[in-house]
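These are the residues of each chain, in order.
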Amino acid sequence: MHPKYTPKSHLQDVATVTNKTTAEEAFAAPADSNDRNYVTDIVIANSSATDTEVDIKDGTTLICKLTAPANSGSNATSFITPLRGSKNAAINVHTIDAVTSVFVTMTGFVQR
């Protein structure tokens, strides 16, 4: 368990990213304007026939880039130091290639 984690601050979201080369898929923004999202784990699964990369963004700023291997390939990443979002900003994801379906699961916590 992360030292800043409390059960009421738990963050978990799943998105299906389909042909999102220009638009982003948004994960939940913090409810309070002074709070931030902290991402501790990301799991990516790519069911398309195309290898791609997944950009993780704090709003529009790139904070992480991960691979998504084709044909049911997956990538699971845990961060010792969580990815830290800006105040009141959603964490967004998009693929760099037009793919059929990439599934992204993120977990973490919300904190001031």
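Note that the structure is predicted; figures quoted are calculated from it, not measured. (Residues numbered from 1 in each chain as written. Predicted model: local features only at pLDDT ≥ 70, side-chain atom pairs only at ≥ 80, totals over all residues. Heavy atoms only, no water.)

(A) Quick look at the overall build of the chain. The number of helices and strands found in the chain is 0 helices and 8 strands. Listing every helix and strand of the chain by position from the N terminus yields β-β-β-β-β-β-β-β. Counting across all 112 residues of the chain, residues that qualify as buried make up 43%. Excluding contacts between residues fewer than 6 apart, the proportion of contacts in the chain whose partners are at least 24 apart in sequence is 79%. Working note: accessible area of the chain is about 5900 Å², and carbon and sulfur atoms make up 50% of it. (Helix = DSSP H or I, 4+ residues; strand = E, 2+ residues; numbered from the N terminus. Buried < 20%, exposed > 50% of the residue type's maximum accessible area, 1.4 Å probe, protein only. Contact = heavy atoms within 4.5 Å. Areas by Shrake-Rupley, 256 points an atom, 1.4 Å probe, with all protein chains shown as cover.)

(B) A look at the sheet that holds strand β6 (residues 73–84). The strand order across the open sheet built from 4 strands is β1-β8-β3-β6, with neighbouring strands paired in antiparallel fashion. Every interior strand has two partners, whereas the edge strands, β1 (10–17) and β6, have only one. Here the strands of the sheet are splayed against their neighbours by 15 degrees on average, with no regard to which way each runs. Two elements, β1 and strand β8 (residues 102–111), share 8 bridges in a ladder whose sense is antiparallel. (Pairing = 2+ DSSP bridges. Axes fitted to C-alpha atoms, helices over the stretch in contact; angles between N-to-C directions.)

(C) View of the side chain of Lys 57. Position of Lys 57 among the secondary structure elements: in strand β4 (residues 52–58). Overall, Lys 57 belongs to the buried group, its relative accessible area being 14%.

(D) Seen up close, the pattern of salt bridges. Under the counting rule described, the total for this entry stands at 2 salt bridges. Lys 65 is the partner of Glu 53 in a salt bridge, and the nearest nitrogen-oxygen pair spans 3.4 Å. Here Glu 53, found in strand β4, pairs with Lys 65, found in strand β5 (residues 61–68); they are 12 residues apart in sequence, far enough to count as distant. Note on Lys 65: relative accessible area 42%, which makes it partly exposed. We note a salt bridge from Asp 55 to Lys 65, for which the minimum N-O separation is 2.7 Å. A residue pair is termed long-range when its members are at least 10 positions apart, and Asp 55 in strand β4 and Lys 65 in strand β5 qualify at 10 residues. (Salt bridge = Lys/Arg side-chain N within 4 Å of Asp/Glu carboxyl O.)

(E) The arrangement of the nonpolar core in detail. Counting residues in hydrophobic clusters, the biggest one holds 19 residues, and the most contacted among them are Ile 42, Ile 44, Val 54, Ile 56, Val 93, Val 104 and Met 106. Excluding residues within four positions of it along the chain, Val 54 makes contact with Ile 44, Cys 64, Lys 65, Leu 66, Ala 68, Val 93, His 94, Thr 95, Val 102 and Val 104. (Core = buried A, V, L, I, M, F, W, Y, C linked by side-chain atoms within 4.5 Å.)

(F) Spotlight on the confidence of the model for the chain. Here the chain averages 83 in pLDDT, and 88% of its residues register 70 or above. Least confident of the elements in the chain is β1, whose mean pLDDT is 72; most confident is β5, at 93. (pLDDT = per-residue confidence, 0-100.)

(G) Up close: the pairing of β8. Across 10 bridges, strand β3 (residues 36–46) lies against β8 in antiparallel orientation. When the bridges of β8 are listed, Tyr 38 appears paired with Phe 109.

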